[in-house]
Amino acid sequence: MATRCRTAVLISGSGTNLQAFIDRVGCGALDLELSVVFSNKPDAYGLVRAKNAGIPTACIEHGDFAGRDSFDRAVAAKLDEWQPDLLVLAGFMRILSAAFVAHYAGKILNIHPALLPAYPGLNTHQRVLDAGDRWHGSTVHFVTEELDGGPRILQGRLPVVASETADQLAARVQAVEHQIYPEAAGWVGDGRVEFRDGRTWIDGKPAIDPVVQTFDAVGRRL
Ligand code: GRF
């Protein structure tokens, strides 16, 4: 992309991933313009993080709309005021309509707390513990109409500790997310990674598999 990538971050909650973006951009380690932070919940703490960082915010509550399509149209109209090049879903707890995804085709990223295609959907950490898996992690992927099914870009994986709770595992996964999500978004922002023909392209070549980074039990990249 020729100009600095105008990025909208969409949240519904605490926004620790948003904070990771703010911190990286703030120290010059990530070359994105954080144009707006959008929430569907007025009390999302991520909105406070955005305000503290001087980033414009917007909020539209989904409960004020009759259905998904009308809500999504309102969100797109609002976001388009900033003409975003990239939408970063960071704990945005809404399923997006096909029309919304098409409007921003190839420009939406999500992070899902599992090593996709394993464990799409909710409660991933407990499901990993219940299955006795040795590895868990998180996946940055392009968003398509298929929930948690779009082409993958980057995975961070870490070993599961058999005795830990789902909350402890979730905290360790989140620490990995804070490293991989800004990195992957930076790759998209600088054009190294693209969405083309329904798949991820890395350095001008179609990528069948995502880049995989391995972390140790305390979140250090190996
Ligand atoms: C993250 O764990 C991410 O995997 C999921 O939502 C969570 C958001 O957390 N999509 P936070 O609001 O960034 O703290």
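Remember, it's a predicted structure, so these values are computed and weren't measured experimentally.

**Remarks on the overall build of the protein**
Of regular secondary structure, the protein possesses 6 helices and 11 strands. Compactness check: the protein gives a C-alpha radius of gyration of 17 Å against a globular reference of 17 Å for 222 residues, within 12% of the reference. Referenced to the eigenvectors of the C-alpha coordinate spread, the extents of the protein come out at roughly 45 × 40 × 35 Å. For the protein, the residues scored as buried account for 47% of the 222 residues in total. Long-range contacts, defined here as pairs at least 24 residues apart, represent 63% of the contacts in the protein between residues at least 6 apart. Total accessible area on the protein is roughly 10400 Å²; 51% of this is exposed by carbon and sulfur atoms. Taking the average place of the 22 positive charges on the side chains of the protein and the average place of its 26 negative ones, the gap between the two points comes to 3 Å.

**So, the nonpolar core**
One finds Leu79, Phe100, Ile153 and Tyr181 to be the most contacted residues of the largest nonpolar core, which totals 62 residues. It is helix H6 (residues 166-189) that contributes the most residues to this core, 10 residues altogether. Both domain 1 (1-104) and domain 2 (113-139 + 153-222) contribute no fewer than three residues apiece to this core.

**Some details on the domain arrangement of the protein**
We note that the domain assignment places domain 1 (1-104) and domain 2 (113-139 + 153-222) within the protein. Here the C-alpha centre of domain 2 lies 21 Å away from the C-alpha centre of domain 1. Each side of the interface is counted separately: domain 1 has 14 residues, and domain 2 has 13 residues. Across the interface of domain 1 and domain 2, roughly 1000 Å² is buried in total on both sides, 64% from carbon and sulfur atoms. Linking domain 1 with domain 2 are 0 salt bridges. The tally of links from domain 1 across to domain 2 stands at 5 residue pairs in polar contact (both at pLDDT 80 or more). Among the elements of the structure, helix H1 (16-26) and strand E4 (86-89) are those that each provide at least two residues to the side of domain 1 that touches domain 2.

**A few points about the sheet that holds strand E8 (residues 193-196)**
Sheet architecture is open: 3 strands sit in the order E8-E9-E10, paired in antiparallel fashion. The sheet is open, and its two edges are formed by E8 and strand E10 (205-206), each paired on a single side. Sheet topology note: the E8/strand E9 (residues 199-202) ladder contains 4 bridges and is antiparallel. Bridged to Arg196 within E9 is Arg199.

**Focus: the sheet that holds strand E3 (residues 57-59)**
The 8 strands lie next to each other as E3-E2-E1-E4-E5-E6-E7-E11, forming an open sheet whose pairing is mixed. One side of each edge strand has no neighbouring strand; the edge strands of this open sheet are E3 and strand E11 (211-214). Averaged over all pairs of adjacent strands, the angle between strand axes in this sheet comes to 20°, irrespective of strand direction. By the bridge criterion, 4 bridges tie strand E1 (residues 5-11) to E4 in an arrangement that is parallel.

**Let's talk about unusual backbone geometry**
A cis amide bond, omega 15°, links Leu116 with the succeeding residue Pro117. Examined against the element boundaries, Pro117 turns out to sit in the loop between strand E5 (108-112) and helix H5 (124-131). Phi at Asn123 takes a positive value of approximately 55°, unusual for a residue other than glycine. In this structure Asn123 comes out as exposed when scored by relative accessible area, which is 60%. Of note in this structure, Asp197 is not a glycine but carries a positive phi near 50°. Summarising the element assignment, Asp197 is placed in the loop between E8 and E9. By relative accessible area, which is 68% here, Asp197 ends up exposed.

Criteria and cut-off values
- Residues numbered from 1 in each chain as written.
- Predicted model: local features only at pLDDT ≥ 70, side-chain atom pairs only at ≥ 80, totals over all residues.
- Heavy atoms only, no water.
- Helix = DSSP H or I, 4+ residues; strand = E, 2+ residues; numbered from the N terminus.
- Rg over C-alpha atoms; globule rule 2.2 N^0.38 Å.
- Buried < 20%, exposed > 50% of the residue type's maximum accessible area, 1.4 Å probe, protein only.
- Contact = heavy atoms within 4.5 Å.
- Areas by Shrake-Rupley, 256 points an atom, 1.4 Å probe, with all protein chains shown as cover.
- Lys, Arg positive; Asp, Glu negative; His and termini not counted.
- Charge placed at Lys NZ, Arg CZ, Asp CG, Glu CD.
- Core = buried A, V, L, I, M, F, W, Y, C linked by side-chain atoms within 4.5 Å.
- Domains from an automatic or database assignment.
- Buried area = accessible area lost by both parts, 1.4 Å probe.
- Salt bridge = Lys/Arg side-chain N within 4 Å of Asp/Glu carboxyl O.
- Polar contact = N/O pair within 3.5 Å; in protein donor to acceptor, adjacent residues only side chain to side chain.
- Pairing = 2+ DSSP bridges.
- Axes fitted to C-alpha atoms, helices over the stretch in contact; angles between N-to-C directions.

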